[in-house]
Amino acid sequence: MKDPHNHAQVGYAMIAVAASLAVIGIMGLFMADDVLIADNMQRANTAHFNECKANDFKTNGCEKYWDRINNPISGIYVDLDE
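Residues numbered from 1 in each chain as written. Predicted model: local features only at pLDDT ≥ 70, side-chain atom pairs only at ≥ 80, totals over all residues. Heavy atoms only, no water.

**Student:** Please clarify how the UniProt feature "transmembrane region" (unreviewed entry) in the chain should be interpreted in this entry.
**Tutor:** Here the UniProt feature "transmembrane region" (unreviewed entry) sits at residues 12-32. Secondary structure across residues 12-32 comprises 90% helix and 0% strand; the distance between its end C-alpha atoms is 30 Å. (UniProt positions renumbered as here; feature names shortened; annotations may be inferred. Helix = DSSP H or I, 4+ residues; strand = E, 2+ residues; numbered from the N terminus.)

Spelled out as structure tokens, the structure:
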């Protein structure tokens, strides 16, 4: 009996790999003006957290941290009842 050949499946896999590499390349072209986009996002979020921490997490926009504070793991204890 002859061994089955999976040439079609291999071809489809090669097309999928080429398409994914093309998408990565296109994304790189569009983000070329800001290559540190993830670093800038991290720095902005850290600055926002530090600002909220300085204000005891009571200013607008700091509500998203309320479920993460007042526990032994975070080590941040704030009285939020006001």
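**Student:** Even after reading the chapter, I still don't get the pattern of salt bridges, so can you show me in this structure?
**Tutor:** As a working rule, side chains carrying opposite charge can pair if their charged atoms are close by. By the definition in use, this model includes one salt bridge. Linking R43 and D39 is a salt bridge whose minimum nitrogen-to-oxygen distance equals 3.0 Å. Remark: D39 and R43 occur in helix α2 (residues 37-54); sequence separation between them is four residues, near one turn of the helix. Here R43 falls in the exposed class, since its relative accessible area comes to 57%. Overall, the relative accessible area of 30% leaves D39 in the partly exposed class. (Salt bridge = Lys/Arg side-chain N within 4 Å of Asp/Glu carboxyl O. Buried < 20%, exposed > 50% of the residue type's maximum accessible area, 1.4 Å probe, protein only.)

**Student:** Can you help me understand the nonpolar core in this one?
**Tutor:** If you look at soluble globular proteins, the nonpolar side chains tend to sit buried side by side. One finds C52, F57, C62, Y65, I69, I76 and V78 forming the largest nonpolar core, which totals seven residues. If we ignore the near neighbours within four places in the chain, the residues touching C52 are F57, T59, C62 and Y65. (Core = buried A, V, L, I, M, F, W, Y, C linked by side-chain atoms within 4.5 Å. Contact = heavy atoms within 4.5 Å.)

**Student:** Looking at this model, I keep getting lost on the packing of aromatic side chains. Mind explaining?
**Tutor:** To describe a pair of aromatic rings, one takes the distance between the centres and the angle between the planes. Within this structure, the stated rule accounts for three aromatic pairs. Between the aromatic rings of F49 and Y65, the centroid separation amounts to 5.1 Å while the plane-to-plane angle is 80°, which identifies the pairing as edge-to-face. On the criterion of sequence distance, the pair formed by F49 in helix α2 and Y65 in the segment after α2 is long-range, its members being 16 residues apart. Y65 sits in the buried class, given a relative accessible area of 7%. Measuring from ring centre to ring centre gives 6.0 Å for F57 and Y65, while their planes differ by 65°; the resulting arrangement is edge-to-face. Of the two residues examined, F57 and Y65, each falls in the buried class. (Phe/Tyr/Trp six-rings, centres within 6.5 Å; stacked < 30°, edge-to-face > 60°.)

**Student:** Honestly, the environment of C62 in this entry has me stumped. Any pointers?
**Tutor:** Along the polypeptide, C62 turns up in the segment after α2. Sequence separation between C62 and Y77 is 15 residues; the distance between their C-alpha atoms is 14 Å. For C62, the contacting residues outside a window of four places in its chain are C52 and F57.

**Student:** Got a minute to help me understand unusual backbone geometry in this structure?
**Tutor:** Note: most residues except glycine have negative phi, and most peptide bonds are trans. Within the chain, D56 stands out as a residue other than glycine whose phi angle is a positive 55°. For D56, the location among the structural elements is in the segment after α2. With a phi angle near 60°, N70 is a residue other than glycine that sits in the positive phi range. Turning to its location among the elements, N70 is positioned in the segment after α2.

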